[in-house]
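Analysis of the macromolecular model
Given next are the chains, with one letter for each unit.
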Amino acid sequence: MPHEKSTRTRIIETALDEMSKGGLATLSIGHLAKACEMSKSGLFAHFGGQEALQVCVIEAAIEQFRQQVVEPARQQSGTLARIEALGTNWTGWLLRDPSRPCPILQAAFEAPALTPKAAELARQARRGWTDWVERLAKLAIHEGGFAATTDAKRFAFQFEAIGVGCQSWSVVQGRDEAGRLARASFTALIDSARA
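The rules behind the values
- Throughout, residues of each chain are indexed from 1 in the direction in which the sequence is written.
- With pLDDT at 70 or above as the cut-off, local features in this predicted model cover only qualifying residues; side-chain atom pairs require 80 or more to be listed or tallied, and sums for whole chains, interfaces and linings still use all residues.
- With hydrogens and water stripped out, all remaining heavy atoms of the structure feed into the side-chain values.
- Pairing of aromatic rings covers Phe, Tyr and Trp, the last counted by its six-membered ring, and requires centre-to-centre distances within 6.5 Å; plane angles under 30 degrees mean stacked, over 60 mean edge-to-face, and any other angle means tilted.
- A run of H or I in DSSP counts as a helix once it spans at least four residues, and a run of E counts as a strand once it spans at least two, with each numbered from the N terminus.
- To sort residues, take the accessible area from a 1.4 Å probe on protein chains only and compare it with the maximum for the residue type: under 20% means buried, over 50% means exposed, and anything in between is partly exposed.
- By definition here, a salt bridge exists when the distance from a side-chain nitrogen of Lys or Arg to a carboxyl oxygen of Asp or Glu is within 4 Å.
- Within this scheme, the nonpolar core is defined by two criteria: the residues are buried Ala, Val, Leu, Ile, Met, Phe, Trp, Tyr or Cys, and they are joined through side-chain atoms within 4.5 Å.
- We call two residues in contact whenever any of their non-hydrogen atoms come within 4.5 Å of each other.
- In protein, a polar contact requires one atom able to donate a hydrogen and another able to accept it; more generally it is a pair of N or O atoms within 3.5 Å, and residues adjacent in sequence count only if both atoms are side-chain atoms.

1. Considerations on the packing of aromatic side chains
For the structure shown, the criterion picks out ten aromatic pairs. Taking 5.1 Å as the distance between ring centres and 80° as the angle between the ring planes, the aromatic pair formed by Phe-65 and Trp-129 counts as edge-to-face. Linking Phe-65 in helix H4 (residues 50-74) with Trp-129 in helix H7 (residues 116-143), this pair joins segments that are 64 residues apart in sequence. The exposure classification of Phe-65 matches that of Trp-129, with both residues buried. Grouping aromatic residues by their ring pairs yields a cluster made of Phe-65, Trp-90, Trp-93, Trp-129, Trp-132, Phe-146, Phe-155, Phe-159 and Phe-186.

2. What about the pattern of salt bridges?
On inspection of all chains with the given rule, the structure shows twelve salt bridges. With its nearest N and O atoms 2.5 Å apart, the salt bridge here joins Glu-84 to Arg-194. In this pair, Glu-84 is assigned in helix H5 (residues 79-94) and Arg-194 in the segment after helix H9 (178-193), connecting sequence segments 110 residues apart. Note on Glu-84: relative accessible area 33%, which makes it partly exposed. One salt bridge in this structure joins Lys-153 and Glu-134, with 3.4 Å as the shortest N-O distance. Of this pair, Lys-153 sits in helix H8 (residues 152-172) while Glu-134 sits in helix H7, and the two are 19 residues apart along the sequence.

3. Some details on the nonpolar core
Formed by 59 residues in total, the largest nonpolar core has its most connected members in Leu-86, Trp-90, Trp-129, Phe-155 and Phe-159. The dominant element in this core, judged by the number of residues it contributes, is H7, at eleven residues. Each residue touching Leu-86, except ones within four places of it in the same chain, is listed here: Val-69, Val-70, Ala-73, Trp-129, Trp-132, Val-133, Leu-136 and Phe-159.

4. Re the side chain of Gln-167
Considering the arrangement of structural elements, one finds Gln-167 in helix H8. At 2.4 Å, the side chain of Gln-167 forms a polar contact with the backbone nitrogen of Cys-102. Leave out the neighbours within four places in its chain, and Gln-167 touches Leu-94, Pro-101, Cys-102, Leu-105 and Val-172.

Everything listed here is a matter of coordinates, which is why it stays silent on function.
The structure is reproduced here in structure tokens:
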């Protein structure tokens, strides 16, 4: 059993790496089997098909994101500290490897080309993230950390826009200043909402 789990983990890690090169929609069982130096039937036995493969890859990316971005922010004391940590952690996640796009953003942008279940999972991941930022903004307003006039939905939109912009500047455009500008933009956004 441990060998099977480590093989599956290795396959997922390889899939995430291959996804960053050519996208999830084009990542076939055959292509991944070759990258993993396995037979198609051996890899198929782990997933059973394209949709299951795509779903597992997105789920693995979501779990990594949860561990590296969400959970450390949840450990912070106070809503404002959590929001600040989210901006910092998300920037770090987006810039962890300038040659690799965020797999969750990548999957969401590819959603029209993914299998239905994988597409919905990718969209849900993005909606869940944005909804959580909006809930935190509402909580910050309720607690008095953000001004009562703060529009929580617009705050979440701007928070999302900073992250997507950071990804574009870093991975797509290759600009070195993406991290500095993203961190400064998160700080400015949060400061503009403070009571």
